[in-house]
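# Report on the structure
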Amino acid sequence: MNDEAKIKARFLRMAVINGGCLAVAIAAVAGAFVTGQDWLFAIFGLALAAGFAAQIGFIAAFRRAKEGV
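Throughout this document, residue positions are counted from 1 along each chain, in the order its sequence is written. Residue-level local features of this predicted model are given only where pLDDT is at least 70; pairs of side-chain atoms are given and counted only at 80 or more, and the full residue set underlies all totals for whole chains, interfaces and linings. Water and hydrogen atoms were dropped before computing side-chain values, which therefore reflect all heavy atoms in the structure.

Our focus in this paragraph is the overall build of the chain. The helix and strand inventory of the chain stands at two helices and zero strands. Taken over the C-alpha atoms alone, the chain extends approximately 50 × 15 × 10 Å along its principal axes. Exposure categories follow from relative accessible area, calculated using a 1.4 Å probe and restricted to protein chains: below 20% of the type maximum is buried, above 50% is exposed, and the middle band is partly exposed. Counting every position in the chain, which comprises 69 residues, the buried fraction comes to 20%. Calculation of accessible area relied on Shrake-Rupley with a 1.4 Å probe; when residues are assessed, cover is drawn exclusively from the protein chains displayed. Carbon and sulfur atoms form 70% of the exposed surface of the chain, whose accessible area is close to 5,000 Å². His is not counted, nor are the chain ends; Lys and Arg add positive charge and Asp and Glu add negative charge. Working definition for charges: the position is that of NZ of Lys, CZ of Arg, CG of Asp or CD of Glu. Of the side chains in the chain, 7 bear a positive and 4 a negative charge, and the two mean positions are spaced by 7 Å. Only DSSP runs of H or I covering at least 4 residues are called helices, and only runs of E covering at least 2 are called strands; the numbering of each starts at the N terminus.

As structure tokens, then:
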């Protein structure tokens, strides 16, 4: 697998993780407002943090791949 294919695979993985985190975050906020369960805001925060972590991991891997060039 060449470098470009690896970067595309990493990007796809990051995009899927971010999509899942977005769905969880939206469901948590909607559930918190509809049911009044305040603990769902913690789930929202965790989903947000996981999405950012996926993006940071992608950027770090991208930088590592470019250092070898």
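After that view, the rundown keeps rolling.
Side-chain rings of Phe, Tyr and Trp, where Trp is taken by its six-membered ring, are said to pair if the distance between their centres is within 6.5 Å; with planes under 30 degrees apart they count as stacked, over 60 as edge-to-face, and otherwise as tilted. Applying the stated rule across the entire model yields two aromatic pairs. Taking the centre distance of 5.8 Å and the plane angle of 65 degrees together, the rings of Phe-11 and Phe-58 count as edge-to-face. Here the residue Phe-11 occupies a position in helix 1 (residues 3–35), and Phe-58 occupies one in helix 2 (residues 40–67), the gap between them amounting to 47 residues. Of the residues examined, Phe-58 reaches a relative accessible area of 16% and is grouped as buried.

Bringing the pattern of salt bridges into the picture now. Salt bridges are defined as contacts in which a side-chain nitrogen from Lys or Arg sits within 4 Å of a carboxyl oxygen from Asp or Glu. A full pass over the atoms with the stated rule returns one salt bridge. Glu-4 is the salt-bridge partner of Lys-8, the closest N and O atoms lying 3.4 Å from each other. Here the residue Lys-8 and the residue Glu-4 both occupy positions in helix 1, the gap between them amounting to four residues, near one helical turn.

Turning next to the side chain of Asn-18. Residue position: Asn-18 is located in helix 1. Any pair of residues with heavy atoms lying within 4.5 Å of one another is described as a contacting pair. Contacts of Asn-18, omitting those with residues within four sequence positions, involve Gly-51, Ala-54 and Gln-55.

These results come straight from atomic positions and should not be treated as a statement about function.
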